[in-house]
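Chain and residue survey
If you want the building blocks of each chain, they are given just below.
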Amino acid sequence: RGERVGQGFAPRSVVEETETSLEVLRKLSLEAFPGLKSLRAHLHVTRAHALLEMECWTQAKEEAEAALECDASFKEAEYMRQSAENE
């Protein structure tokens, strides 16, 4: 089972750090910062990937769905959601 995600970071660290980032981004206006939805979507997908590595299927699916709420065309988010559903 994977102990590393992305560029070698442990999944638990990825989940914690991306949550911190999302907390900060939630305070920012979507209208004032174009592209913020895309950034949020990428952070949710990163969390979904880490949660899949940790075998936290329900949480991974929720993160993938949150990414799709930010960007409905995000193919990687759809893949993460399907991966979580198939476990």
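Residues numbered from 1 in each chain as written. Predicted model: local features only at pLDDT ≥ 70, side-chain atom pairs only at ≥ 80, totals over all residues. Heavy atoms only, no water.

**Here we look at the environment of alanine 10**
Note that alanine 10 resides in the segment before helix H1 (11-26). According to the relative accessible area criterion, alanine 10 is partly exposed, its value standing at 25%. In this structure the C-alpha to C-alpha distance between alanine 10 and glutamate 78, which are 68 residues apart in sequence, comes to 23 Å. (Helix = DSSP H or I, 4+ residues; strand = E, 2+ residues; numbered from the N terminus. Buried < 20%, exposed > 50% of the residue type's maximum accessible area, 1.4 Å probe, protein only.)

**Some thoughts on the environment of glutamate 87**
Relative to the helices and strands, glutamate 87 is located in the segment after helix H4 (75-85). Between the C-alpha atom of glutamate 87 and that of histidine 49, which follows or precedes it by 38 residues, the distance is 13 Å.

**Re the environment of alanine 84**
Relative to the elements of secondary structure, alanine 84 occurs in helix H4. Among the residues examined, alanine 84 registers a relative accessible area of 5% and is labelled buried. Residues alanine 84 and threonine 58 lie 26 residues apart in sequence; the distance between their C-alpha atoms is 6.9 Å. Apart from residues no more than four positions distant in its own chain, alanine 84 is found in contact with Leu52, Trp57, Ala60 and Lys61. (Contact = heavy atoms within 4.5 Å.)

**Re the nonpolar core**
Val45, Ala77 and Met80 are the most contacted members of the largest nonpolar core, which has 17 residues in total. Every element with two or more residues in this core is listed here: H1, helix H2 (36-53), helix H3 (57-70) and H4. Excluding anything up to four places from it in sequence, alanine 77 contacts Val45, Ala64, Ala67 and Leu68. (Core = buried A, V, L, I, M, F, W, Y, C linked by side-chain atoms within 4.5 Å.)

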